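# Descriptive structure summary
Next come the chains, spelled out residue by residue.
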Amino acid sequence: MKALLLISTLFIGIVCAIPNGPRCRCTPREPCWPSTARWKALNESIDGNLVAVKPVGYVCHDPSFDQDACANITAMQRDSVWRSGEPGALQHINWEAWPAKQESCYIAGDRKIPCGQGRISRYSAVVHTPEHIQHAVRFAARHNLRLVVRNTGHDFLGRSSAPESLQIFTHLMKNVDFTDEFVPEGKRDRRAVGSAVTIGAGVQLAELYEAVGKENKAVVAGFSNTVGAAGGYILGGGHSALGPWKGMAVDNVLEFKVVTARGNHITANDYQNQDLFWALRGGGGGTFGVVTQVTLRTFPDAPLVTAFMNITQLGNANSSYWDGMEKFHAYLPTLSDAGASGYYYMLPNVHLPDFGELAVTSVIFFFANNNIASADKAFAPLLSSLNAIPGLQVDYASEQLPNSASLYQSSLKGSDNTGTVAVLGSRLVSRHFFESRHGPSTLTSVLRKLKYPPGVPVIGHLVAGGQVAKNKDIQVSLNPAWRKTLVHFVISRGWKEDTPLAEQRSIQSNLTNVEVPMLKRLEPDMGAYVNEADPNEKNFQKSFWGSNYGRLYRLKKKWDPRSLFIVRAGVGSEHWDKEGVCRVRGRD
């Protein structure tokens, strides 16, 4: 393509050439890298909140080894809350390393091996205001820098890090504001659309639930301490145990405030910038801009029933184990019709003293339900069916809870256990499949063939159906497959810090080329959940967004024509290498 000189009206002072061949972000080894004086100017523009970042494991390696500091972070290395507040850490440490360059800085690594920066950003703009974000975005655009948006580092596809990048760290934007009469900006009649909460980009789920609980409200969100409620979680769609009751998280967004690639701070809702509003509701985090705050619909909180069921295999009755799995999955549509949601964990390799192998442990919720007998009645046919299988033991219990706040506040105390390697694969499976004649048996056959590393379950998320399906006419960019889905399946794989690179690649390759395709063949036209999926998902455009990808791609070109916001397996990323550093091919 012929080189063009563009004097952009989008960025003051940006002059760039678009050359033939691959175009790369500027790196520290090149003359285009900002001078010390320019980094200083950025620091001053964001009120002294620019930080030069080192990986958190830096103090545990020569020549910078610090015995006391290393002991402190070693004690904290599995703490998700600590990790969320460190610009030089991520929740899953495989995204801190840069295998292609053999750069890592693991806390538990060999002290004698010097640290490499890996995928940890070189600088972090620790932003407190939208204006700070605007300055950082314009700086990155002006100097052609790789830009990363990070809140907590809770991201299974590595979108919170990139090598030799500038990080925008939204973690400290913690405002939470309630109203009973929210009026979206630009709504001409000024009539309220209901009760809502507006949260800053740095608010995490545990913080959100504490706040809404005090107001006796409920909000559709996830189930993890350190997920950023206003970030990639909701931008990717946001599944929730409350989904069958109130829909996906994106179904309940009323408004975004976002800094665009042009450096403008704008509002996107049903009344202005409607196309961007559509794209942000499911199009993926870090792709269309930097969200500064989001307004979510709230609901009066309600009681719920929680049901616990464990299925244990006695002795060596392996066929009984899988018979139980088949009956369990065949019954899920019936549970869904009774209002059930929740999670179950398949652990065929966990040996319990005096019992045998645990087939399934599940926690199922019936929201807006104050009748424990109705939940027990919904489970009764399943329990009877499972108890009739020789070699299985079924344990069941249920309890009444006053509201969702009590559930989340009791569950999300302290921190999650992170600081390990984790790569995922996933698949959405439809209600129709579970109801089909051979669906449960076909699923069981596939589940038997998956690998089960010790203590690592296959997780079934019963978070769709109900209102998620009923909301099929809501105009969002969420993968339409969600409206047909009953269960979202996730498999997890990992390795140790000292695992040879060839073995790491083998584990990842088996996930991408063997196990995920096995799940995909169940229903080739469904898809995967963009926030919990294989980072090397093949044909990710269709898997993550289905028929919505074409429009998302066009809107990406409109709102980010210079591809400032590129993330792994995100909209438009097919033009870039895996790290988002160099363009690799074009598209008409």
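Everything numeric here is computed off the predicted structure, so don't read it as measured data.

Quick look at the overall build of the protein now. The secondary structure content of the protein amounts to 17 helices and 21 strands. Over its C-alpha atoms the protein spans a radius of gyration of 24 Å, differing by no more than 12% from the 25 Å that the globule rule assigns to 588 residues. Projected onto its principal axes, the C-alpha coordinates of the protein cover approximately 75 × 65 × 50 Å. Relative to its 588 residues, the protein shows a buried fraction of 57%. Within the protein, counting contacts between residues at least 6 apart in sequence, those at least 24 apart form 74% of the total.

For the structure shown, the criterion picks out 20 salt bridges. Glu185 is the partner of Lys257 in a salt bridge, and the nearest nitrogen-oxygen pair spans 2.5 Å. A residue pair is termed long-range when its members are at least 10 positions apart, and Lys257 in strand β10 (residues 253–259) and Glu185 in the loop between β7 (176–179) and β8 (196–200) qualify at 72 residues. Looking at Lys257, the relative accessible area reads 16%, which means it is buried. Since its relative accessible area comes to 35%, Glu185 is described here as partly exposed. The shortest N-O distance in the salt bridge between Arg431 and Glu435 comes to 2.9 Å. Linking Arg431 with Glu435, this pair stays in helix α12 (residues 431–435), spanning four residues, or about one helical turn. Residues joined by salt bridges that share partners form a network here, namely Arg29, Arg122 and Glu164.

This brings us to the side chain of Ser404. As for its placement among the helices and strands, Ser404 is situated in helix α11 (residues 404–411). Overall, Ser404 belongs to the buried group, its relative accessible area being 4%. Among the polar contacts made by the side chain of Ser404, one reaches the side chain of Asp301 at a distance of 2.8 Å.

What follows covers unusual backbone geometry. At the junction of Asp62 and Pro63, the peptide bond is cis and its omega measures out at 5° in the coordinates. One non-glycine residue, Asp47, lies in positive phi territory at about 60°. Looking at the secondary structure, you find Asp47 in the loop between α1 (36–45) and β3 (50–52).

A separate point is the domain arrangement of the protein. In terms of domain boundaries, the protein breaks down into domain 1 (36–169), domain 2 (176–300) and domain 3 (304–403 + 417–539). Put simply, the middle of domain 2 and the middle of domain 3, counted by C-alpha atoms, are 28 Å apart. Taken together, the contact between domain 2 and domain 3 spans 24 residues of the former and 28 residues of the latter. When domain 2 packs against domain 3, close to 2,000 Å² is buried across both sides, 62% of that on carbon and sulfur atoms. In terms of surface lost to domain 3, no three residues of domain 2 exceed His239, Pro244 and Asp251, which account for 32% of the buried area on that side. For the interface between domain 2 and domain 3, the tally reads one salt bridge. Among the salt bridges present, the one from Arg483 reaches Asp251, with a minimum N-O distance of 2.7 Å. At the surface where domain 2 touches domain 3, the tally comes to 17 residue pairs in polar contact (both at pLDDT 80 or more). For the side of domain 2 that touches domain 3, the elements supplying multiple residues, two or more each, are α6 (232–235), α7 (243–246) and α8 (274–280). Looking at the side of domain 2 that touches domain 3 element by element, the count peaks at four residues for α7.

Mapped onto this structure's residue numbering, the UniProt feature "domain: FAD-binding PCMH-type" (unreviewed entry) falls at residues 116–301. Summarising residues 116–301: 20% helix, 25% strand, and an end-to-end C-alpha distance of 48 Å.

All right, on to the state of the cysteines then. Under the counting rule described, the total for this entry stands at four disulfides. Across the disulfide, Cys105 is cross-linked to Cys115 (sulfur-sulfur distance 1.6 Å). As the torsion about the S-S bond is roughly 55°, the Cys105-Cys115 disulfide counts as right-handed. Linking Cys105 in the loop between α3 (80–84) and β4 (123–126) with Cys115 in the loop between α3 and β4, this pair joins segments that are 10 residues apart in sequence. Judged by its relative accessible area of 23%, Cys115 is partly exposed. What connects to what in the protein, once the bonded cysteines are numbered by sequence position, is 1-8, 2-3, 4-5, 6-7.

Inspection of helix α5 (residues 205–214) places Leu205, Leu208, Tyr209, Ala211 and Val212 among the buried residues, and these make up the whole buried set. One side of α5 carries all its buried residues, which in axial view fall inside an arc of 165°. Turning to α5, the residues buried within the fold contact β7, β8, β9 (217–218) and α11. Positive phi appears at Asn216, one or two residues downstream of α5, with a value of about 55°.

Quick look at the environment of His488 now. Tracing the sequence through the fold places His488 in strand β21 (residues 485–493). Looking at His488, the relative accessible area reads 0%, which means it is buried. Once the C-alpha coordinates of His488 and Ser319 are considered, the two residues, 169 residues apart in sequence, prove to be 25 Å apart. The contact partners of His488, leaving out residues within four places of it in the chain, are His239, Ser426, Arg427, Leu428, Ile459, Gly460, His461, Trp482, Tyr529 and Glu532.

Here is what the cut-offs are and how they apply
Residues numbered from 1 in each chain as written. Predicted model: local features only at pLDDT ≥ 70, side-chain atom pairs only at ≥ 80, totals over all residues. Heavy atoms only, no water. Helix = DSSP H or I, 4+ residues; strand = E, 2+ residues; numbered from the N terminus. Rg over C-alpha atoms; globule rule 2.2 N^0.38 Å. Buried < 20%, exposed > 50% of the residue type's maximum accessible area, 1.4 Å probe, protein only. Contact = heavy atoms within 4.5 Å. Salt bridge = Lys/Arg side-chain N within 4 Å of Asp/Glu carboxyl O. Polar contact = N/O pair within 3.5 Å; in protein donor to acceptor, adjacent residues only side chain to side chain. Domains from an automatic or database assignment. Buried area = accessible area lost by both parts, 1.4 Å probe. UniProt positions renumbered as here; feature names shortened; annotations may be inferred. Disulfide = S-S within 2.5 Å. Arc of directions from axis to C-beta.

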